[in-house]
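Architecture at a glance
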Amino acid sequence: MAKKTLIGVLVRNPGRVRDFERTKSLNVDLLVFNSKGINWSKKRIRGFFFNGTKWEKKSCPFPGAVYNRSYSSERQLVSKIEGVIGKGKVFNCITRFDKWTMHQILQKSSIGSHLPDTYLFQSSQLLKLLSTYRKLILKPCKGSLGKRVYLIEQTDDNKFRLYINIHKNITNEEIPQENLESSDRNTLLDEANKTNIKKQPELMNDERFLVPAKINTLNPEDFIKSINELIKNERFLVQNFIPLDQTNQKIYDIRMYVQKNEQGNWKVTGGLSRLGTSTSYVTNMCTEIKSLNNTIKCNNNLSVDKIKNMKTLGIQIAQILERQIGHLGELSVDFGLDQQGKAWLIEVNGKPQRKIVKRINYSKLTRDIYNTPFKYARSLATNRIEISKINNTSRQLLAGSPLSNNNLQDNKGLLEKIEEHRKNAEENEHKLIGTLRELQDTKKLLAASEAREDKQKKNLVINNEEFNKDLLEKIDQHRKSTDEKMRRMEERDNRITENLRELKETKKLLVTSKEREDKQTKKWWAFWK
């Protein structure tokens with residue numbers, strides 16, 4: 001019987017993984033391990049071994065290829081393992097992505113038009129951004145699972161607020177008691193907890209149905225100080241808030257699982273949709289998982305053509321990122337549709353969460369998503385894919401250089417120089433991006449501020465006609481919004497005036513009635529006397 005190919009799975013905490021047992025049909029052996037199980041001097045690894053039938057704790061030689069499922073932004077361990085088993089034999093060189101780095105890479109590509117306006121958090125610029133966008137998303141550069149994703153806003157009456165999660169089930173104890181009769185509280189409870197509510201947007205803006213803002217102040221300096229205390233010295237992103245399309249009064253996103261197949265080509269293995277809670281601003285806290293077909297059937301902006309477009313975008317994103325950061329084998333890409341049907345990139349995950357796939361009860365999709373990376377690893381281990389194809393990044397960075405004419409596979413010293421060259425190129429690129437970032441942000445803020453000044457509309461001169469057109473449209477929309485608010489205020493004032501007039505007339509009638517009553521009383525008294 002032929003010896004089976006051994007594939008390693010690098011994780012943070014090794015153990016028996018029942019979902020990996022799906023690889024039985026691939027005729028491979030698995031070794032689940034972490035860095036503590038590696039004996040570098042003996043070139044052996046101790047971990048949990050699966051032979052297609054059972055698990056056992058075992059010491060094995062180094063595998064032919066390694067599938068990196070640890071959550072890390074460090075490359076050292078991957079490089080050290082490749083020094084033993086061969087360059088390009090470990091995929092997913094990093095799995096914990098920095099959102100700001102991802103944004104900077106993709107912003108300069110064809111994907112840029114699908115990215116929300118994004119800035120690196122700087123307390124000195126936050127008030128200007130709030131004045132421009134009114135609502136912003138604040139999230140950590142290296143966050144995951146929707147943790148510490150905040151919604152911040154500047155209200156029409158210039159209150160500054162920060163929310164952690166705007167959904168909760170309303171109970172009698174949580175409804176304000178003052179000036180509310182029992183029937184009023186019951187009405188609020190019914191309105192808040194129904195699933196299909198026609199007035200959902202109004203309810204989301206009703207403070208009685210929101211988790212109280214963690215920060216709520218009229219003082220902008222106190223607001224900035226509180227946010228700085230909340231995020232401390234961690235790097236955060238600020239993005240403009242995009243109202244997402246809804247199905248059944250719940251926002252949803254589209255997750256595409258983008259993976260390499262046995263031939264080493266990127267493909268979309270499948271996807272799903274996550275539905276947020278009824279008043280949530282993020283989909284990470286999902287209440288329901290749906291297949292793409294079922295989501296399309298709902299009354300929303302999603303269509304087959306839009307799904308195809310997002311699949312194409314997902315593959316392009318994987319190719320762009322791999323060229324910049326190194327050898328990858330799988331990603332998950334999250335998209336959101338706005339209320340006009342445009343696709344926006346929400347996030348790219350280097351270590352996709354796969355357990356949620358099982359919730360849509362589609363066994364073939366679940367099996368394919370789990371097995372495709374192992375098929376790719378098997379091709380790497382058996383040399384079915386050329387190293388030159390995997391190391392395309394290094395070749396592109398050195399294109400036109402005398403180094404690129406040598407044999408990369410046979411010259412280990414040359415490969416080390418290539419890797420060093422790539423790292424230096426990345427560092428230089430990041431420094432350049434950092435230098436340009438403040439100039440770009442300042443330019444955006446100035447343009448947005450000019451757009452808010454109606455007096456400067458005639459003097460606005462922009463060479464880019466398309467940008468000028470969009471800017472003028474925003475100015476007109478702002479003016480229309482202001483006019484509508486003024487109209488509503490006038491209607492409210494008129495209603496108040498009318499109510500006051502009716503109150504005066506009623507008071508007058510009451511006085512007249514009282515006088516008539518007094519006269520009648522005097523007559524009776526006179527009669528009885």
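Everything below is about the structure printed above this text.
Now for a description of the structure that goes with this document. (Residues numbered from 1 in each chain as written. Predicted model: local features only at pLDDT ≥ 70, side-chain atom pairs only at ≥ 80, totals over all residues. Heavy atoms only, no water.)

1. Re the overall build of the chain
This is how the line gets drawn: Think of it this way: any DSSP run of H or I at least four residues long counts as a helix, any run of E at least two long counts as a strand, and we number them from the N terminus. In this scheme, a residue with accessible area under 20% of its type's maximum is buried, one over 50% is exposed, and one in between is partly exposed, where area comes from a 1.4 Å probe on protein chains only. When checking whether two residues touch, look at their non-hydrogen atoms; a contact exists if any pair is within 4.5 Å. Throughout, the Shrake-Rupley method with a 1.4 Å probe supplies accessible areas, and for residues the shown protein chains are the sole cover considered.
Helix and strand counts for the chain stand at 13 helices and 19 strands. Relative to its 529 residues, the chain shows a buried fraction of 44%. Intrachain contacts of the chain at a sequence separation of at least 6 include 63% that bridge at least 24 residues. Taken as a whole, the chain presents about 30,100 Å² of accessible surface, with 48% of it coming from carbon and sulfur.

2. Let's talk about the sheet that holds strand β10 (residues 150-154)
Spelled out, the test is: Between any two strands, pairing holds if DSSP finds at least two bridges. Working convention: axes come from line fits to C-alpha atoms, limited for helices to the stretch in contact. Angles between N-to-C directions cover 0 to 180 degrees.
Taken in spatial order, the six strands of this open sheet run β8-β13-β9-β10-β11-β12, and their pairing is antiparallel. Only two strands of the sheet have a single partner each, and these edge strands are β8 (118-120) and β12 (215-217). Sheet twist, expressed as the mean angle between neighbouring strand axes with direction ignored, is 20 degrees. Both β8 and strand β13 (residues 236-240) contribute to a ladder of three bridges, which runs antiparallel. Of the residues in β13, the one forming a bridge with L120 is L237.

3. Notes on the nonpolar core
Defined as follows: Buried Ala, Val, Leu, Ile, Met, Phe, Trp, Tyr and Cys residues form a nonpolar core when they are joined through side-chain atoms within 4.5 Å.
M256, I317 and L321 are the most contacted members of the largest nonpolar core, which has 47 residues in total. When residues no more than four places from it in sequence are discounted, the contact partners of M256 are V268, G270, G271, L292, I307, M310, K311, L331, S332, V333 and F335.

4. Considering helix α6 (residues 220-231)
Convention followed: Helix span, expected: 1.5 Å multiplied by one less than the number of residues in the helix. The arc in question is the one spanned by the directions pointing from the helix axis to the C-beta atoms.
A rise of 1.5 Å per residue sets the reference length of α6, with its twelve residues, at 16 Å; its end C-alpha atoms lie 17 Å apart and thus fit the reference within 8%. Listing the buried residues of α6 in full gives F223, I224, I227, L230 and I231. The arc enclosing the buried residues of α6, seen along the axis, measures out at 125 degrees, which places them on a common side. Pointing more than 90 degrees away from the buried face of α6 are the exposed residues E221 and K225. Structurally, α6 contributes buried residues whose contacts are with α3 (123-133), β9 (135-140), β10, β11 (160-163), β12 and β13.

5. What about a nonpolar patch on the surface?
What counts, and what does not: Each patch is built from residues that are more than 30% exposed by relative accessible area and take part in no salt bridge. Like charges join if they lie within 9 Å; nonpolar side chains (Val, Leu, Ile, Met, Phe, Trp, Tyr) join within 5 Å. Within this document, salt bridges are pairs made up of a side-chain nitrogen of Lys or Arg and a carboxyl oxygen of Asp or Glu, the two lying within 4 Å of each other.
A contiguous nonpolar patch, built from I496, L500 and L503 and spanning about 290 Å² of accessible area, is present on the exposed surface. By relative accessible area, which is 56% here, L503 ends up exposed.

6. A few points about the packing of helix α2 (residues 99-107) against helix α8 (residues 304-325)
Short version of the rule: Orientation labels follow simple angle bins: below 35 degrees gives roughly parallel, above 145 gives roughly antiparallel, 65 to 115 gives roughly perpendicular, and whatever is left gives oblique.
Close contact between α2 and α8 brings their axes to 10 Å; oriented N to C, the two are set at 110 degrees. Our classification of the angle between α2 and α8 gives roughly perpendicular. Where α2 approaches α8, its residues M102, I105 and L106 are matched on the opposing element by I317, I320, L321, Q324 and I325.

7. What to know about the side chain of T269
Topologically, T269 is positioned in strand β16 (residues 266-276). Given the relative accessible area of 16%, T269 is considered buried. What T269 contacts, discounting residues up to four positions off in sequence, is Y257, Q259, L365, D368, I369 and T372.

8. Digging into α3
Those residues of α3 that fall on the buried side of the exposure criterion are Q125, L126, L129 and L130. What you see down the axis of α3 is that its buried residues fit within an arc of 145 degrees, all on one side. Opposite the buried face of α3, by more than 90 degrees, sit the exposed residues S124 and K128. Where α3 terminates, the next one or two residues include R134, which has phi positive at roughly 70 degrees.

9. Details of the pairing of strand β18 (residues 330-337)
Counting buried residues along β18, eight of its eight residues qualify, which places the element largely inside the surrounding structure. Side chains E330, S332, D334 and G336 of β18 all project onto a buried face; the interleaved residues L331, V333, F335 and L337 project onto the opposite face, where all are buried too. One ladder, built from six bridges, connects strand β15 (residues 250-260) with β18; its direction is antiparallel. Looking at the pairing, Y257 lines up with S332 of β18. In this structure, β18 lies alongside strand β19 (residues 343-349), joined through six bridges in antiparallel fashion. Across the sheet, L337 pairs through a bridge with A343, a residue of β19. Adjacent in sequence and paired antiparallel, β18 and β19 are bridged by five residues, among which G341 carries a positive phi angle near 95 degrees.

10. Remarks on the packing of aromatic side chains
Spelled out, the test is: Whether two aromatic rings pair depends on their centres lying within 6.5 Å, for rings of Phe, Tyr and Trp, where Trp uses its six-membered ring; planes under 30 degrees apart make the pair stacked, over 60 edge-to-face, and the rest tilted. In this scheme, the term charge over a ring applies when either NZ of a lysine or CZ of an arginine sits within 6 Å of the ring centre and within 35 degrees of the ring normal.
What the rule picks out here adds up to eleven aromatic pairs. Judged by centre distance (5.3 Å) and plane angle (75 degrees), the ring pair of F20 and F374 falls under edge-to-face. Here F374 lies in helix α9 (residues 363-381) and F20 lies in the loop between β1 (5-10) and β2 (28-33), a separation of 354 residues in the sequence. Exposure remark for F20: the relative accessible area of 4% places this residue in the buried category. Relative to W528, the ring of F527 lies with its centre 5.7 Å away and its plane at 75 degrees, an arrangement referred to as edge-to-face. Comparing F527 with W528 shows no difference in burial state: the two are exposed. An aromatic cluster is present here, built from F20, Y67, F91, F374 and Y376 joined pairwise through their rings. If you follow R22 out to its NZ or CZ, it ends over the ring of Y370, 5.1 Å from the centre.

11. So, a positive patch on the surface
Put simply, the test is: Positive charges are assigned to Lys and Arg, negative charges to Asp and Glu, while His and the chain termini are left out of the count. One atom stands in for each charge, and that atom is NZ of Lys, CZ of Arg, CG of Asp or CD of Glu.
There is a patch of like positive charges on the surface, built from R12, R96, K142 and K351. Structurally, the position occupied by K142 is in the loop between β9 and β10. Here K142 falls in the partly exposed class, since its relative accessible area comes to 31%.

12. Points about the environment of K375
Topologically, K375 is positioned in helix α9. The spatial distance from the C-alpha of K375 to the C-alpha of V28 is 9.4 Å, given a sequence separation of 347 residues. Apart from residues no more than four positions distant in its own chain, K375 is found in contact with L26 and E262.

13. Describing the environment of D19
For clarity, the threshold we go by: Between N or O atoms, a polar contact is any pair within 3.5 Å; within protein, one atom must be a potential hydrogen donor and the other a potential acceptor, and residues adjacent in sequence are included only when both atoms are from side chains.
Among the secondary structure elements, D19 is positioned in the loop between β1 and β2. Not counting chain neighbours up to four residues away, the residues in contact with D19 comprise K358 and Y370. Reaching out from D19, the side chain makes a polar contact with the side chain of R22 at a distance of 3.2 Å.

14. As for the packing of α3 against α6
Threshold: By definition, turning the near helix anticlockwise from the far helix through less than a right angle yields a left-handed crossing, and turning it clockwise yields a right-handed one. Just so you know the grouping, Ala, Val, Leu, Ile, Met, Phe, Trp, Tyr, Cys and Pro go in nonpolar, Asp, Glu, Lys and Arg go in charged, and all remaining residues, Gly too, go in polar.
As a packed pair, α3 and α6 sit with axes 10 Å apart at the nearest point and diverge in direction by 125 degrees. On the basis of the axis angle, α3 is oblique to α6. Considering how the two elements wind past one another, α3 and α6 form a crossing that is right-handed. Contacts from S123, L126, L127 and L130 in α3 reach P220, F223, I224, I227 and N228 in α6. Classifying every residue of the contact of α3 with α6 gives seven nonpolar, two polar and no charged.

Taken by themselves, the reported measurements are silent on function.
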